[in-house]
Amino acid sequence: MKKIIFMGRSECGKTTLTQAMKGKEITYHKTQYINNFDVIIDTPGEYLQTHTLGHALALYTYEAQVVGLLLSATEPFSLYPPCITCMCNRDVIGIVTKIDDPKGNPQRSARWLRLAGCKTIFFVDSTSGEGISDILEYLREDGDVMPWEIPCKESPKQIPDASSHK
Ligand SMILES: Nc1nc2c(ncn2[C@@H]2O[C@H](COP(=O)(O)OP(=O)(O)OP(=O)(O)O)[C@@H](O)[C@H]2O)c(=O)[nH]1
Ligand SMILES: [Mg+2]
């Protein structure tokens, strides 16, 4: 899988998306520092919200093949300046999270991500898993086997009915 780094405001859903993509149980965990995992780099929202720490995010893009800019459907404004994607030499995708929230506006968030320069946008609800497979498919590399392609284990052999042994 191509390695991706997630950026976005605190609470926009980076860690929850990381858990959903890895098929883990969804539990709240405040990100305290940059977690440079195997295929996903999860960053604290404060890095995007703090001007000086933003430089660290720019450097970390070199550790990944793809940059994921997250914006939840419920956010009332965007922190991404127009055309910010040209600041790094990696593919940048937009990810709208919390599309399940009735108070959200996924299309408005998508427009802000397009304004930031994202040409590809994904829509996800990490709690139900909606949209997760689209991101995994985008990050797929030759030879990767997706979770839904792993064949189910053979059903256990039928235990013969005692009544058939006469
Ligand atoms: N309904 C809904 N809630 C979500 C979704 N994604 C995240 N949440 C909730 O939003 C809250 C914050 O999610 P986190 O994944 O911790 O956010 P984060 O971006 O990692 O935040 P920081 O670590 O502070 O940067 C949690 O209570 C999640 O359960 C989603 O797709 N739908
Ligand atoms: Mg987090």
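Residues numbered from 1 in each chain as written. Chains lettered and ligands numbered in written order. Predicted model: local features only at pLDDT ≥ 70, side-chain atom pairs only at ≥ 80, totals over all residues.

Trainee: What is the right way to look at the nonpolar core in this model?
Mentor: Side chains that are nonpolar tend, in soluble globular proteins, to be buried together. Core analysis: the largest hydrophobic core is formed by 30 residues, its most contacted members being I5, F6, M7, L69, L70, I95 and V96. Of all the secondary structure elements, the ones that give two or more residues to this core are β1 (4-7), α1 (14-21), β3 (40-42), α2 (45-49), β4 (66-72), β5 (91-97) and α4 (106-116). (Core = buried A, V, L, I, M, F, W, Y, C linked by C-beta atoms within 7 Å. Buried ≥ 20, exposed ≤ 12 C-beta atoms within 10 Å, placed from the backbone. Helix = DSSP H or I, 4+ residues; strand = E, 2+ residues; numbered from the N terminus.)

Trainee: Any chance you could explain the sheet that holds strand β2 (residues 35-36) here in plain terms?
Mentor: Strand pairing in a sheet relies on backbone hydrogen bonds. The paired strands run either parallel or antiparallel. Pairing in this open sheet of six strands is mixed, and the strands run β2-β3-β1-β4-β5-β6 from one edge to the other. Looking at which strands have only one partner, the edges of the open sheet turn out to be β2 and β6 (120-123). In the sheet, β1 pairs with β3 via three bridges, with the strands oriented parallel. Bridge pairing in β3 links I5 to I41. Running at roughly 155 degrees to β3, α1 makes contact with β1, β3, β4 and β5 of the sheet. (Pairing = 2+ DSSP bridges. Contact = placed C-beta atoms within 7 Å. Axes fitted to C-alpha atoms, helices over the stretch in contact; angles between N-to-C directions.)

Trainee: I'm lost on the pairing of β1 in this one. Help?
Mentor: Each regular strand carries side chains that alternate between the two faces of the sheet. By the alternation rule, side chains of β1 split into I4 and F6 and I5 and M7, which are all buried. Two elements, β1 and β4, share four bridges in a ladder whose sense is parallel. Following the sheet pairing, I5 is matched in β4 by V67.

Trainee: What is the right way to read the site of ligand 1 from this model?
Mentor: Of all residues adjacent to ligand 1, which total 21 residues, the nearest are G13, T15, T16, T31 and G45. Looking at the shell around ligand 1 residue by residue, the classes come out as four nonpolar, ten polar and seven charged. (Near = placed C-beta within 6 Å. Nonpolar A, V, L, I, M, F, W, Y, C, P; charged D, E, K, R; others polar.)

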